[in-house]
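Given next are the chains, with one letter for each unit.
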Amino acid sequence: MLNWINMLSAWAVPVMIAFIPLYAQLKKVPVYESFVDGAKDGFSTAIGIIPHLVGMMVAISVFRASGALEFFVGWMTPFLEKLQVPAEILPLGFLRPLTGTGSLAFTTDLIKTYGPDSMIGRIASTIQGSTDTTLYVLTVYFGAVGIRNGRYALKVGLFSDVVGFIAAIAVCLLLFG
């Protein structure tokens, strides 16, 4: 089964990259012109979201510098040990909804420290692929289109991150534990 999953993951992106333009050509969509129009719109959107990105980066820095992350990890460690879940991955559960780059850096550090084939490395990698940068997405995309009330999207997004976090741990413990 692992070989099948490896083969599927290796071919998924190249197949999609080839399929989308071919399908667009089949439907008589001007592919290049559509791409250029999207790029023009993307540039103006990028300029409009800069204030939202700055606010998000400040919030992340305050969260980490205040010691709140370390406090919560220390508080949860005994509970996680009873469930045989490595406490080292808990900060990733907090960082992933906030920042993609920060969570990727943390995952890279875990993999360098414990190895890619360790349980911690596998869980961290699976969490990276099973969750999203919810707060970043809401900040950027809602800010770009001017949505001011995103509380329901926030609740659903964070709930899905928690489910993805727990599912990633459960699947890794089941498959590799």
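From a predicted model like this one, the values you see are computed outputs, not experimental measurements.

Visitor: What exactly am I supposed to notice about the side chain of Thr133 here?
Guide: For Thr133, the position within the fold is in the loop between α6 (119-130) and α7 (134-145). Setting aside its immediate chain neighbours within four residues, Thr133 contacts Arg96, Pro97, Thr99 and Gly100.

Visitor: What is the right way to read the UniProt feature "transmembrane region" (unreviewed entry) in the protein chain from this model?
Guide: Per the UniProt entry, the sites bearing "transmembrane region" (unreviewed entry) are residues 7-26, 46-66 and 156-176 in this numbering. Helix makes up 100% of residues 7-26 and strand 0%, with an end-to-end C-alpha separation of 28 Å. With 95% helix and 0% strand, residues 46-66 has end C-alpha atoms that lie 30 Å from one another.

Visitor: Got a minute to help me understand the nonpolar core in this structure?
Guide: Within soluble globular proteins, side chains that are nonpolar tend to cluster in buried spots. Ile89, Ile127 and Ile169 are the most contacted members of the largest nonpolar core, which has 20 residues in total. Of all the secondary-structure elements, those providing two or more residues to this core are α3 (68-82), α4 (90-95), α5 (100-114), α6 and α8 (151-176).

Visitor: Would you mind showing me how to read the pattern of salt bridges here?
Guide: If charged atoms from side chains of opposite charge come close, those side chains can pair. Enumeration according to the criterion identifies one salt bridge in this entry. Arg122 serves as the salt-bridge partner of Asp117, at 3.8 Å between the closest nitrogen and oxygen. For Asp117, a relative accessible area of 59% corresponds to the exposed category. Residue Arg122 is classed as partly exposed on the basis of its relative accessible area of 27%.

Visitor: For this particular structure, what's the right way to read the environment of Gly146?
Guide: With respect to the element layout, Gly146 can be found in the loop between α7 and α8. Separated by 98 residues in sequence, Gly146 and Gly48 place their C-alpha atoms 9.9 Å apart.

Visitor: Is there a simple way to think about the layout of surface pockets in this case?
Guide: Rolled over the atoms, a probe as big as a water molecule pinpoints where empty space is left. Size it by volume and the largest pocket reaches roughly 420 Å³. If you trace the largest pocket, you find 24 residues lining it, with Leu90, Gly93, Phe94, Val162 and Phe165 closest to the centre. Mapped by element, the contributors of at least two residues to the lining of the largest pocket are α3, α4 and α8. With seven residues, the top contributor of residues to the lining of the largest pocket is α8. Of the residues that constitute the lining of the largest pocket, the class distribution is 20 nonpolar, two polar and two charged.

Visitor: Teacher, can you tell me more about the environment of Leu135 here?
Guide: With respect to the helices and strands, the residue Leu135 is situated in helix α7. It is 21 Å that separates the C-alpha atoms of Leu135 and Thr108, two residues lying 27 residues apart in sequence. Ignoring sequence-local partners within four residues, the contact set of Leu135 consists of Met56, Pro97, Leu98 and Leu154.

Visitor: Where do I start with the packing of aromatic side chains in this structure?
Guide: When we look at a pair of aromatic rings, we describe it by the centre distance and by the angle of the planes. Applying the stated criterion to the full structure yields three aromatic pairs. With a centroid separation of 5.6 Å and 25 degrees between ring planes, the pair formed by Phe19 and Tyr23 is classed as stacked. Taken as a pair, Phe19 and Tyr23 lie in helix α1 (residues 2-26) at a separation of four residues, close to a single helical turn. A relative accessible area of 45% places Phe19 in the partly exposed class. Seen from their ring centres, Phe72 and Trp75 are 5.4 Å apart, and the 45 degrees between their planes marks the pair as tilted. One end of the pair, Phe72, and the other, Trp75, are both in helix α3, three residues apart, so they sit about a helical turn from each other. Given the relative accessible area of 56%, Trp75 is considered exposed. Among the aromatic residues, those joined into a cluster by ring pairs are Phe72, Trp75 and Phe94. The ring of Phe176 carries the charged tip of Arg122 above its face, separated from the ring centre by 4.2 Å.

Visitor: Explain unusual backbone geometry to me, please; I cannot follow it from the model alone.
Guide: Among all residues save glycine, negative phi is the norm, and among peptide bonds the norm is trans. If you check the backbone angles, Lys28 has positive phi at about 65 degrees while not being a glycine. Using a relative accessible area of 71% as the deciding quantity, one classes Lys28 as exposed. You will see that Gln84, though not glycine, has its phi angle at about 60 degrees, which is positive. The exposure class of Gln84 is exposed, given its relative accessible area of 66%.

Thresholds, definitions, all that
- Residues numbered from 1 in each chain as written.
- Predicted model: local features only at pLDDT ≥ 70, side-chain atom pairs only at ≥ 80, totals over all residues.
- Heavy atoms only, no water.
- Helix = DSSP H or I, 4+ residues; strand = E, 2+ residues; numbered from the N terminus.
- Contact = heavy atoms within 4.5 Å.
- UniProt positions renumbered as here; feature names shortened; annotations may be inferred.
- Core = buried A, V, L, I, M, F, W, Y, C linked by side-chain atoms within 4.5 Å.
- Buried < 20%, exposed > 50% of the residue type's maximum accessible area, 1.4 Å probe, protein only.
- Salt bridge = Lys/Arg side-chain N within 4 Å of Asp/Glu carboxyl O.
- 1 Å grid on protein atoms, 1.4 Å probe; cavity = no way out; pocket = protein on both sides within 12 Å on 5 of 7 lines; lining within 4 Å.
- Points joined across faces, edges and corners; volume = space filled by probe spheres on them.
- Nonpolar A, V, L, I, M, F, W, Y, C, P; charged D, E, K, R; others polar.
- Phe/Tyr/Trp six-rings, centres within 6.5 Å; stacked < 30°, edge-to-face > 60°.
- Lys NZ or Arg CZ within 6 Å of the ring centre and 35° of its normal.

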